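Tertiary structure, described
Chain residues, written in single-letter form:
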Amino acid sequence: MSLQNDLLLRAAKGEDQERVPVWVMRQAGRILKEYRAVRKTAGSFINLAKSPEMAAEVTLQPVDILGVDAAIIFSDILVVPEAMDLPYEMVEKVGPIFRKTINSKAEVDALNTGDIEDRLSYVLDAIKLVKTGLSERVPLIGFAGAPFTIFCYMIEGKGSKTFSEAKKMLYTEPELSHQLLQKITDVTITYLKAQVACGANLVQVFDSWAGILSPSQYSAFATPYISQICKAINNVPVTVFAKGAYFAREEIGQLDCNVVGMDWNMDILETRKLIPNKTLQGNLDPCVLYGSFQEIEKETTAMLNKFGKQKYIANLGHGVYPDMNPDNVKCFIDTVKAW
């Protein structure tokens, strides 16, 4: 079957489109009361993520309620370290906590890299259910965290403003750092390939903590591993979103990816010059959505005028925040569609 709305896929491939496609990072989440109802039934974030039926339900909600041009599977980037035998908890108002972290070569050697499809079968089952529920209306986006971002959590054990423990390892034990990054990369490739086999139409790699690295560190410890992922996933479009890595845009633009995601600190016209041959995605400041409808329409239109209609996917420069009014998010989506 062919997709009824393939705007996002065509844009990702650099093909002509009648209008700009739009979706929103974290669209399947706490802004929707319908999501909160399912989350309450699940009892916890992790229970929700591990229930294929509930994960599929909240994945479909923004397609039905907000009218986005793509679904993105409801999951978490931290399912990868969990599959590698590093379980985590999601603590309310704190974030992810790993009781066990990586501190030595023996611990890196002990990490699991096998039977990944079995260990993450709940995500794959959710993808299959979503594909049925979508009935080919819009594409489904699969995703994973970039190796360096996953590395940060495996070393630090929690979120951080600096990830100084993770960065310390890059300087004090570079060989061990590369060994761990390679293991994460191998598992991530297996995981993304499985998502595609189950029906994901394109995939996104989230490098959420890219911006804490220096340019030379990013070139040494981040880009080579994302490059491996881009080369391995060659049958669907790949988006690389490296938040804060404005210094690495040209480098990222040279990867074998189709789409480069931008945060709101990245100048649009400058980025077009740095990355002329790829589709760009982004990059409205999420906080614009706290404004009035008039303000949202004005800022969104200004962004669209700079990006232009082709080789472009409209999105925010990061995910929506939990306290945002879904009507404001819909105003953003409708403004893009009407432009």
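Here's a quick rundown of the structure. In every chain, residue numbers begin from 1 and rise along the written sequence. Where totals are concerned, whole chains, interfaces and linings use all residues; where local detail is concerned, this predicted model gives features only for residues with pLDDT of at least 70, and gives and counts side-chain atom pairs only at 80 or more. With hydrogens and water stripped out, all remaining heavy atoms of the structure feed into the side-chain values.

**Focus: the overall build of the chain**
Going by this rule: Only DSSP runs of H or I with at least four residues qualify as helices, and only runs of E with at least two residues qualify as strands; both kinds are numbered from the N terminus onward. As a reference, a globule follows 2.2 Å times the number of residues to the power 0.38, and the radius of gyration itself is taken over C-alpha atoms. With a 1.4 Å probe rolled over the protein chains alone, any residue whose accessible area is under 20% of its type maximum counts as buried; one over 50% counts as exposed, and the rest are partly exposed.
Within the chain one finds 17 helices and nine strands. In terms of overall size, the chain behaves like a compact globule, its C-alpha atoms giving a radius of gyration of 19 Å where 339 residues would be expected to give roughly 20 Å. Dimensions of the chain, computed from the C-alpha atoms along their principal axes, are close to 55 × 45 × 40 Å. A buried classification covers 59% of the 339 residues belonging to the chain.

**A few points about the packing of helix α4 (residues 52-65) against helix α8 (residues 121-134)**
The following threshold applies: Structural elements are reduced to axes, namely lines fitted to C-alpha atoms, with helices fitted over the stretch in contact, and the angle between N-to-C directions of any two is expressed from 0 to 180 degrees. Orientation is classified from the angle alone, with under 35 degrees giving roughly parallel, over 145 giving roughly antiparallel, 65 to 115 giving roughly perpendicular, and any other angle giving oblique. Rotating anticlockwise by less than a right angle from the far helix to the near helix defines a left-handed crossing, while the corresponding clockwise rotation defines a right-handed one. We call two residues in contact whenever any of their non-hydrogen atoms come within 4.5 Å of each other.
Direction vectors running N to C along α4 and α8 enclose 45°, while the axes themselves pass 8 Å from each other. With respect to their mutual orientation, α4 and α8 come out oblique. The chirality of how α4 crosses α8 is right-handed. The residues of α8 that touch α4, namely those facing P52, E53, A55, A56, T59, L60 and V63, are Y122, D125, A126, L129, V130, G133 and L134.

**A closer look at the pairing of strand β4 (residues 140-145)**
Our working definition: At least two DSSP bridges between two strands are needed for those strands to be called paired.
Counting buried positions along β4 gives six out of six residues, so the element sits mostly inside the fold. Going residue by residue along β4, you find L140, G142 and A144 tucked away on one face and I141, F143 and G145 tucked away on the opposite face as well. Inspection of the sheet shows β4 paired to strand β5 (residues 202-207) by five bridges, in the parallel sense. Within β5, the position partnered with G145 by the bridge is F206.

**Some words on the packing of helix α10 (residues 164-172) against helix α11 (residues 174-198)**
Worth spelling out the cut-off: Residues were grouped as follows: Ala, Val, Leu, Ile, Met, Phe, Trp, Tyr, Cys and Pro as nonpolar; Asp, Glu, Lys and Arg as charged; and all remaining residues, including Gly, as polar.
The contact between α10 and α11 brings their axes to 5 Å, and the two run at 120°. Contacts from M169, L170, Y171 and T172 of α10 reach α11 at P174, L176 and S177. Looking at side-chain class alone, the contact of α10 with α11 contains five nonpolar, two polar and no charged residues.

**Points about helix α2 (residues 33-42)**
One full turn of an α-helix is made of 3.6 residues, so residues set three or four places apart face in the same direction. Rules: Comment: arc refers to directions from the helix axis out to C-beta atoms.
Those residues of α2 lying buried are Y35, V38 and A42. Taken down its axis, α2 places every buried residue within 65° of arc, on the same side. In α2, the exposed residues that point more than 90 degrees away from the buried face are K33, K40 and T41. Those residues of α2 that are buried lie in contact with α3 (45-50) and α4. With its phi angle positive at about 90°, G43 sits one or two positions after the end of α2.

**Things to note about unusual backbone geometry**
Residue N283 is bonded to the preceding G282 through a cis peptide linkage, with omega at -15°. Position of N283 relative to the elements: it lies in strand β8 (residues 279-284). In this model, E136 sits at a positive phi of 65°, which is unusual for a non-glycine residue. Along the chain, E136 falls in the loop between α8 and β4. Accessibility expressed as a relative area gives 17% for E136, which makes it buried.

**Re the nonpolar core**
Most often, soluble globular proteins keep nonpolar side chains buried together rather than apart. Worth spelling out the cut-off: Residues belong to a common nonpolar core when they are buried Ala, Val, Leu, Ile, Met, Phe, Trp, Tyr or Cys residues joined through side-chain atoms within 4.5 Å.
Counting residues in each nonpolar core, the largest one holds 132 residues, and the members touching the most others are F151 and F332. No other element matches the 11 residues that α11 contributes to this core. Excluding residues within four positions of it along the chain, F332 makes contact with V22, V24, L284, L289, I296, T300, M303, N315 and L316.

**A look at the packing of aromatic side chains**
Filter applied, for reference: When the centres of two rings from Phe, Tyr and Trp lie within 6.5 Å, Trp using its six-membered ring, the rings pair. Their planes under 30 degrees apart give stacked, over 60 give edge-to-face, and anything left gives tilted.
According to the stated counting rule, one finds 12 aromatic pairs in the structure shown. On the numbers, 6.5 Å between centres and 25° between planes, the contact of Y290 with Y321 is stacked. Here Y321 lies in the loop between β9 (312-316) and α17 (326-338) and Y290 lies in the loop between β8 and α16 (293-307), a separation of 31 residues in the sequence. Judged by its relative accessible area of 42%, Y290 falls in the partly exposed class. Grouped by ring-pair contacts, the aromatic residues Y35, F45 and F74 constitute a single cluster.

**Let's talk about the pattern of salt bridges**
Once the charged atoms of two side chains with opposite charge are near each other, the side chains can pair. Spelled out, the test is: Any Lys or Arg side-chain nitrogen found within 4 Å of a carboxyl oxygen on Asp or Glu counts as a salt bridge.
Taken as a whole, this structure holds 17 salt bridges when the rule is applied. Between R39 and E92 there is a salt bridge whose closest N-O contact spans 3.2 Å. Remark: E92 occurs in the loop between β2 (89-91) and β3 (95-97) and R39 occurs in helix α2; sequence separation between them is 53 residues.

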